[in-house]
Structure formats: structure tokens, C-alpha cells
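# A look at the structure
As a plain string of letters, each chain reads:
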Amino acid sequence: MKEVRVQRADFDLSTEVARLRADDPRVGAVVSFVGAVRDMNDGASVAEMELEHYPGMTERSLERIVELACARWPLSGALVIHRVGPLKSMEQIVLVACSAAHRGEAFAACEFIIDYLKTDAPFWKKEQTPDGARWVDARVTDDAAMAKWASP
């Protein structure tokens, strides 16, 4: 199973992991990452984050990232769910889950997908702070995390 979803609705981790494993006896490992809205960023309190995207373009970008991971590791499945719209502190933003025969491939692929997602997926984040709304810039640390995946 390879699936990408961009949605406003929340997701249930156990339900999604169960779907990823569904009756596949080859799966020996499932690794998942859930990102959540923090209440602080760059020294300011964050009351809400709003995520915007271009429908169609965003899904294609996420599908390309999943395909890159599947070409690099022998995955049984990969799932990306990314939420959009207004989100409050502690709400889930993103789920990346990978299944494989062995944990090494599942861990690596999951980390690869989230690193690429943070730098290459077309999402725009706006935070509501006590000083007003502000757009979130890309982080140097995200670029550095992605750089480790570059082929030698």
C-alpha cells in the first residue's frame, strides 16, 4: 500500500497503522512519525497554526517523495497524511508511516520521507502569536537533515 492524503480532518494513528499492516505477512516492522503543533516557536507563544497548500500540486509532490523512498528501500507500504487548515497547539499535523520486512528499512524510509517533506512539499505555515500573524520560514536544520540523503 502506498497512500498520500492531504486533509483537514484528524487521523487515528492505530487505525492507520493497522491499515498499513493489513494482512501482509511480509511486514516485520512498522515505523511511524507523528508531528504535532507546538505552543512555542522562535521564542514566541503560538496560539494557532494555519497550513495552506495547492491542491493537486501538493499531493503530486508527496507522491514523488514516497516513490523516491520506495525506490531506495524495499518497503511493503508507505503512508503520508498531512493536515491543512487551522490547527491548535497539540493537534496532529502529519503522519508518516512505513512498513517493511525489517526495521532498518522502515526507520530509514520514514526519516527520509519526513526530511524531504519538510523541505520539498509545498505547504505554507502561518502562526498566530501575541504580536500577530507571521509566516514560518524554512529552517536551516531541515535543509541539513535532508542533505544527508544526497547520493555520494
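As the structure is a prediction and not an experimental result, all values here were calculated from the model. (Residues numbered from 1 in each chain as written. Predicted model: local features only at pLDDT ≥ 70, side-chain atom pairs only at ≥ 80, totals over all residues. Heavy atoms only, no water.)

## What about the overall build of the chain?
Assigned secondary structure in the chain consists of 4 helices and 10 strands. Reading the helices (α) and strands (β) of the chain from amino to carboxyl end gives β-α-β-β-β-β-α-β-β-β-α-β-β-α. For the chain, the C-alpha radius of gyration of 16 Å lies close to 15 Å, the compact-globule estimate for 152 residues. Along the longest, intermediate and shortest principal axes, the C-alpha atoms of the chain span 50 × 40 × 30 Å. Put simply, the chain has 152 residues, and 46% of those count as buried. (Helix = DSSP H or I, 4+ residues; strand = E, 2+ residues; numbered from the N terminus. Rg over C-alpha atoms; globule rule 2.2 N^0.38 Å. Buried < 20%, exposed > 50% of the residue type's maximum accessible area, 1.4 Å probe, protein only.)

## Describing the sheet that holds strand S9 (residues 123-129)
The strands making up a sheet are joined through hydrogen bonds of the backbone, oriented either antiparallel or parallel. Pairing is antiparallel in the open sheet, where 4 strands are placed in the order S7-S5-S9-S10. Lying at the two open borders of the sheet, with one neighbouring strand each, are strand S7 (85-88) and strand S10 (132-135). Sheet twist, expressed as the average angle between the axes of neighbouring strands with direction ignored, equals 25°. In this structure, S9 lies alongside S10, joined through 4 bridges in antiparallel fashion. Paired with Glu127 across the bridge in S10 is Arg134. (Pairing = 2+ DSSP bridges. Axes fitted to C-alpha atoms, helices over the stretch in contact; angles between N-to-C directions.)

## Some details on the sheet that holds strand S1 (residues 2-7)
On the basis of which strands lie adjacent, the open sheet formed by 4 strands has the order S1-S6-S8-S2 and mixed pairing. Each edge of the open sheet carries a strand with a single partner, namely S1 and strand S2 (29-36). Put simply, the sheet's adjacent strands are angled 5° from each other on average, direction ignored. Bridge analysis of strand S6 (residues 75-83) against strand S8 (residues 92-100) gives 7 bridges, and the strand direction is antiparallel. Counterpart to Leu79 in the pairing with S8 is Ala97. Strand contacts of helix H3 (residues 103-120): S2, S6 and S8, with the helix running at about 145° to S8, the strand carrying the most contacts. (Contact = heavy atoms within 4.5 Å.)

Keep in mind that these numbers describe shape and distance, not what the molecule does.
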